[in-house]
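# Breakdown of the fold
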Amino acid sequence: MRKWFENFWYHHKWVTIIVVFFVTVAIILTVQTFTRKNYDAAFMLIGRGGGIERTEYNDIVSTLTRFCDDVDKNGEKNVLFSRETFIADQSDSAAGYLNSNVTSFMRSALYQNYYIFFIDPVLYESYKGSGMFVTLESTVGEVPVEMKYDDFAIKYDSLKIKELPGMSAIPSESLIVIKTVPYYSSKSKTEKETLSQAAHAEILKKIVEYGALE
């Protein structure tokens, strides 16, 4: 048996290695395909959110889920809430390092699956002219004047949702915006992302309808 194996390995070594490699890759891709979680909504906090504890994080996800629909109709609502720390105070010793991570994220943000951003107003002002965000009127519809920061952004500290579990951990100065649908050469991809943006706009509309802080 050993002699047979040595003879086989001598003649078919590289073929075997290549076949094993591609089979392994195929198995990994298959497992990832069937275990990857699909999210009905994806939120991104970019601001002073580094101190959010696990319990607060879970409460935030639970609260945001209340305003979401089961978009993919799989019988459950799955929400992704992610964070990138941004420090507006440039005198802070950690600002340079942490904000460079945000810069890297913003370069790719247009093509990521996040459509609702809780964003620091300083960072927002840097990007609002870039075309990354869409007007509230074109997506959410009419927003009460006391909630509006400008035509693109809602003042988080004006919203009643702040009083719900976990939401006080989100910095009160945050603004809420909706990301634009980027250009895709694929028509089907564009249609899919347009539907995703519309679903997120509906979430923000429900948040607005939930009311303003007294």
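Residues numbered from 1 in each chain as written. Predicted model: local features only at pLDDT ≥ 70, side-chain atom pairs only at ≥ 80, totals over all residues. Heavy atoms only, no water.

### Some points on the nonpolar core
Core analysis: the largest hydrophobic core is formed by 34 residues, its most contacted members being Phe43, Phe81 and Phe118. Among the secondary structure elements, those contributing two or more residues to this core are β1 (41–47), α2 (54–66), β2 (79–85), β3 (116–119), β5 (175–178) and α6 (187–210). Of all the elements, α6 adds the most residues to this core, at five residues. Not counting residues within four places of it along the chain, the set of residues in contact with Phe43 comprises Leu64, Cys68, Val79, Leu80, Phe81, Ser82, Tyr114, Ile116, Phe118 and Ile203. One finds Leu80, Phe86, Phe117 and Tyr124 within the second-largest nonpolar core, a separate group that totals 19 residues. (Core = buried A, V, L, I, M, F, W, Y, C linked by side-chain atoms within 4.5 Å. Buried < 20%, exposed > 50% of the residue type's maximum accessible area, 1.4 Å probe, protein only. Helix = DSSP H or I, 4+ residues; strand = E, 2+ residues; numbered from the N terminus. Contact = heavy atoms within 4.5 Å.)

### Considerations on the environment of Leu204
Inspection of the secondary structure puts Leu204 in helix α6. A relative accessible area of 0% means that Leu204 is categorised as buried. Taking the C-alpha atoms as reference points, Leu204 and Ile178, separated by 26 residues in sequence, lie 8.5 Å from one another.

### Quick look at the pattern of salt bridges
Any two side chains of opposite charge can pair, on the condition that their charged atoms come close. For the structure on display, the rule yields five salt bridges. Among the ionic pairs, Lys128 bridges to Glu125, the shortest N-O distance being 3.3 Å. For Lys128, a relative accessible area of 32% corresponds to the partly exposed category. A salt bridge links Asp151 to Lys148, with the nearest nitrogen and oxygen atoms 3.6 Å apart. Taking the relative accessible area as the measure of exposure, Asp151 reaches 48% and is therefore partly exposed. Residue class for Lys148 comes out partly exposed when judged on its relative accessible area of 29%. (Salt bridge = Lys/Arg side-chain N within 4 Å of Asp/Glu carboxyl O.)

### Some remarks on the sheet that holds β5
With mixed pairing, the five strands of this open sheet are ordered in space as β2-β1-β3-β5-β4. If you trace the sheet from one side to the other, it starts and ends with β2 and β4 (154–155), each paired once. In terms of strand pairing, β3 meets β5 through four bridges, oriented antiparallel. Among the inter-strand pairings, Phe117 is bridged to a residue of β5, identified as Val177. Most of the contacts of α2 go to β2, to which it runs at about 130 degrees, and overall it touches β1, β2 and β3. Docked against the sheet, α6 engages β1, β3, β4 and β5, running at close to 150 degrees with respect to β5. (Pairing = 2+ DSSP bridges. Axes fitted to C-alpha atoms, helices over the stretch in contact; angles between N-to-C directions.)

### Quick word on the pairing of β1
Of all seven residues in β1, seven are buried, a share of seventy percent or more. Both faces of β1 are covered, namely the face carrying Ala41, Phe43, Leu45 and Gly47 and the face carrying Ala42, Met44 and Ile46. By the bridge criterion, seven bridges tie β1 to β2 in an arrangement that is parallel. When the sheet's bridge partners are listed, Ile46 is paired in β2 with Glu84. Across four bridges, β1 lies against β3 in parallel orientation. Residue pairing for β3: Ile46 is matched across the bridge by Ile119.

### Remarks on the packing of aromatic side chains
Scanning the model with the defined rule gives 10 aromatic pairs in all. Between Phe67 and Tyr210, the aromatic rings sit 5.6 Å apart at their centres with planes inclined by 90 degrees, giving edge-to-face as the arrangement. Note that Phe67 is positioned in the loop between α2 and β2 and Tyr210 in helix α6, a separation of 143 residues in sequence. When the ring of Phe105 is compared with that of Tyr114, the centres are 6.2 Å apart and the planes differ by 65 degrees; the resulting orientation is edge-to-face. According to the relative accessible area criterion, Tyr114 is buried, its value standing at 8%. Joined through ring pairs, the aromatic side chains of Phe105, Tyr114, Phe117, Tyr124, Phe133 and Tyr149 make up one cluster. Taking NZ or CZ as reference, Lys189 lies 5.5 Å from the ring centre of Tyr184, over its face. (Phe/Tyr/Trp six-rings, centres within 6.5 Å; stacked < 30°, edge-to-face > 60°. Lys NZ or Arg CZ within 6 Å of the ring centre and 35° of its normal.)

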